[in-house]
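# What the coordinates show
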Amino acid sequence: MEYFDFVDQVKYEGPKSKNPLAFKFYDAEREIYGKKMKDHLKFAMAWWHTLCADGTDMFGSGTMDKSFGQTPATMDHARSKVDAGFEFMQKLGIQYFCFHDADIAPEGKNLAETNKNLDDITDYIKEKMDETGIKLLWGTSNLFTKPIFMNGAGSSNSADVYAYAAAKIKKAIDCTVKLGGTGYVFWGGREGYETLLNTDMKFEQENIANLMHMAVDYARSIGFNGDFYIEPKPQEPMKHQYDYDAATAIQFIEKFGLEKDFKLNIEANHATLAGHTFEHELRVAAINNMLGSVDANQGDLLVGWDTDQFPTDVYATTLAMLEILRAGGFTTGGLNFDSKSRRPSNKPEDWFEAFIVGMDSFALGLIKAVAILEDGRLDQFIQERYASFNEGMGKKVRDKATNLEELAAYAETLEEPLDPGAGKQEYLEAVVNQVLFSN
Ligand code: XUL
Ligand code: CO
């Protein structure tokens, strides 16, 4: 059965095309720096937003029909989602997907039954993967929807809930390995707290780290050689989440000795919720060798919540792709659209158009980031800005070959007032605009 019969294959038609169901900038096979665009960008479809989310929000019920002809929460529905999902990815030329356990199969009446559902559905997904060549980017376990996780999973006060979370993680790792995923994500949906009045923060964090160590040990024992990722987020659903931002998550990873196995999954909207730019979070991850994967979306800067909009801001995708290129590009990770069409964009055509603008925006971001690198003025400015560290006393600082006394004596020989040089932000912003809009 065909679910999206209004479109055959979404093709690249170039910047002048007015066809809403064509790419204007994403030209999958185009080579850039010796690598195809599709391999630079490694787009992934998020199972949850694309095949599950129906527009339900805090004020109203679903606006989108995601039943795909079946009764929701049945195995038949789960299978029709697989069919629809693979058709969707194939038509868009998306090569990867990501999932939570809860997205792909319904809950049974106990863990054993849920696990059986997961076995059956992953058999079916695997068949489709073999047929199409589409791959799994990463898997994860949903440890936030069920009421038992109201106080957290790894951070729960209840040892039984902790064990239940461990069981869910074990099974989600099994599914990820079975489907050949190159990543496993920990997004701490309920790993945080509402009030310190009832919380032992130190103990909760130690327990989370322990669970992660156990997950690594288990995954390695069954042959997983991909990366684990922590996905930072400052709040929502908890008032305060432990993986607040990239710097906080890196401190956690290093404090608990997880750095051999863990990197970060940076999400644009989570960055802005934390009061950072997307590129800031990418840079923090990159300079710590922890840029693993990206959840591509954008927030609305006028509202303080996680709107998970499809990325359309080319300025932001350009600066993001600049960070990703400078970090050497993706290895295990990719660009997962953790994005959903707006609630009134409720028809299947809208879902395609949402992906098309998201993919085109990142393709443009890639093209423009390369143009910025080739233009060279930004890199050159930064090099010159720190040039005083290339010779004399500056070089001694760079080489860690001096001390406070020597620096103080040197400073006394300088003619005052000193001039550190202008920052020239406006000039650099003009260069970016020129590269973005001159052709
Ligand atoms: C929630 C979020 C999650 C993770 C996976 O804000 O981003 O969907 O990406 O659990
Ligand atoms: Co995410």
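Residues numbered from 1 in each chain as written. Chains lettered and ligands numbered in written order. Predicted model: local features only at pLDDT ≥ 70, side-chain atom pairs only at ≥ 80, totals over all residues. Heavy atoms only, no water.

## Some words on the coordination of the cobalt ion (ligand 2)
Coordination of the cobalt ion (ligand 2) by the protein is provided by Glu231 (OE), Glu267 (OE), Asp295 (OD) and Asp338 (OD), with metal-donor distances spanning 1.9 to 2.2 Å. What the six donor atoms of the cobalt ion (ligand 2) show is an angle range of 78 to 171° at the metal, which sorts the shape as octahedral. Taken in sequence order, the residues that donate to the cobalt ion (ligand 2) follow the motif E-x35-E-x27-D-x42-D. You can see glutamate 267 sitting in strand E12 (residues 262-267) and its partner aspartate 338 sitting in the loop between strand E14 (335-337) and helix H12 (348-375), a full 71 residues away along the chain. The class for aspartate 338 is buried, based on a relative accessible area of 6%. (Donors = N, O, S within 2.8 Å, 3.2 Å for Na, K, Ca; no water. Tetrahedral: all angles 85-135°; square planar, octahedral: opposite > 155°, others 65-115°. Helix = DSSP H or I, 4+ residues; strand = E, 2+ residues; numbered from the N terminus. Buried < 20%, exposed > 50% of the residue type's maximum accessible area, 1.4 Å probe, protein only.)

## Digging into the pattern of salt bridges
In the structure shown here, the tally under the stated rule is 22 salt bridges. Taken together, the shared-partner salt bridges in this structure form one network comprising Asp101, Glu107, Lys146 and Lys168. (Salt bridge = Lys/Arg side-chain N within 4 Å of Asp/Glu carboxyl O.)

## Here we look at the site of ligand 1
Near ligand 1, the surroundings consist of Trp48, His100, Trp187, Glu231, Lys233, Glu267, His270, Asp295, Asp306 and Asp338. In the environment of ligand 1, an oxygen atom lies 2.9 Å from a nitrogen or oxygen atom belonging to the side chain of aspartate 295. In isolation ligand 1 exposes 290 Å². Once the protein is present, 94% of that is buried. When the residues that make up the shell around ligand 1 are grouped by side-chain class, the tally is two nonpolar, two polar and six charged. (Near = heavy atom within 4 Å. Polar contact = N/O pair within 3.5 Å; in protein donor to acceptor, adjacent residues only side chain to side chain. Areas by Shrake-Rupley, 256 points an atom, 1.4 Å probe, with all protein chains shown as cover. Nonpolar A, V, L, I, M, F, W, Y, C, P; charged D, E, K, R; others polar.)

## A short note on the nonpolar core
Trp47 and Phe97 are the most contacted members of the largest nonpolar core, which totals 111 residues. Two domains each put at least three residues into this core: domain 1 (33-367) and domain 2 (378-437). Grouped together as the second largest cluster of nonpolar side chains are nine residues, Ala46, Trp48, Tyr96 and Trp138 included. (Core = buried A, V, L, I, M, F, W, Y, C linked by side-chain atoms within 4.5 Å. Domains from an automatic or database assignment.)

## Structural notes on helix H8 (residues 246-255)
Every buried residue of H8 is accounted for by Ala246, Ala249, Ile250, Phe252 and Ile253. The buried residues of H8 occupy an angular sector of 160° when projected down its axis, which confines them to one face. After H8 finishes, the residue glycine 257 shows a positive phi value of roughly 65°. (Arc of directions from axis to C-beta.)

## Description of the sheet that holds E14
Ordered in space as E5-E6-E7-E8-E10-E12-E13-E14, the eight strands form a closed barrel in which the pairing is parallel. Across the sheet, the axes of successive neighbouring strands diverge by a mean angle of 30°, strand direction being ignored. Inspection of the sheet shows strand E10 (residues 227-230) paired to E12 by three bridges, in the parallel sense. Looking at E12, one finds that phenylalanine 228 is bridged to phenylalanine 262. Strands in contact with helix H6 (residues 159-178) are strand E6 (96-100), strand E7 (135-140), strand E8 (183-186) and E10; relative to E8, the strand with the most contacts, it is inclined by about 155°. (Pairing = 2+ DSSP bridges. Axes fitted to C-alpha atoms, helices over the stretch in contact; angles between N-to-C directions. Contact = heavy atoms within 4.5 Å.)

## Section: the environment of histidine 276
You can see histidine 276 is positioned in the loop between helix H9 (268-273) and helix H10 (278-287). Once the C-alpha coordinates of histidine 276 and aspartate 245 are considered, the two residues, 31 residues apart in sequence, prove to be 8.7 Å apart. Once residues within four sequence positions are removed from consideration, histidine 276 is found in contact with Asp245, Ala271 and Glu281. Within the structure, histidine 276 has its side chain in polar contact with the side chain of aspartate 245 (distance 2.8 Å).

## Focus on the environment of asparagine 346
Among the secondary structure elements, asparagine 346 is positioned in the loop between E14 and H12. Sequence separation between asparagine 346 and leucine 407 is 61 residues; the distance between their C-alpha atoms is 65 Å. Beyond its immediate chain neighbours, meaning those up to four positions away, asparagine 346 contacts Thr63, Met64 and Trp351. For asparagine 346, the side chain forms a polar contact with the side chain of lysine 347, separated by 3.0 Å.

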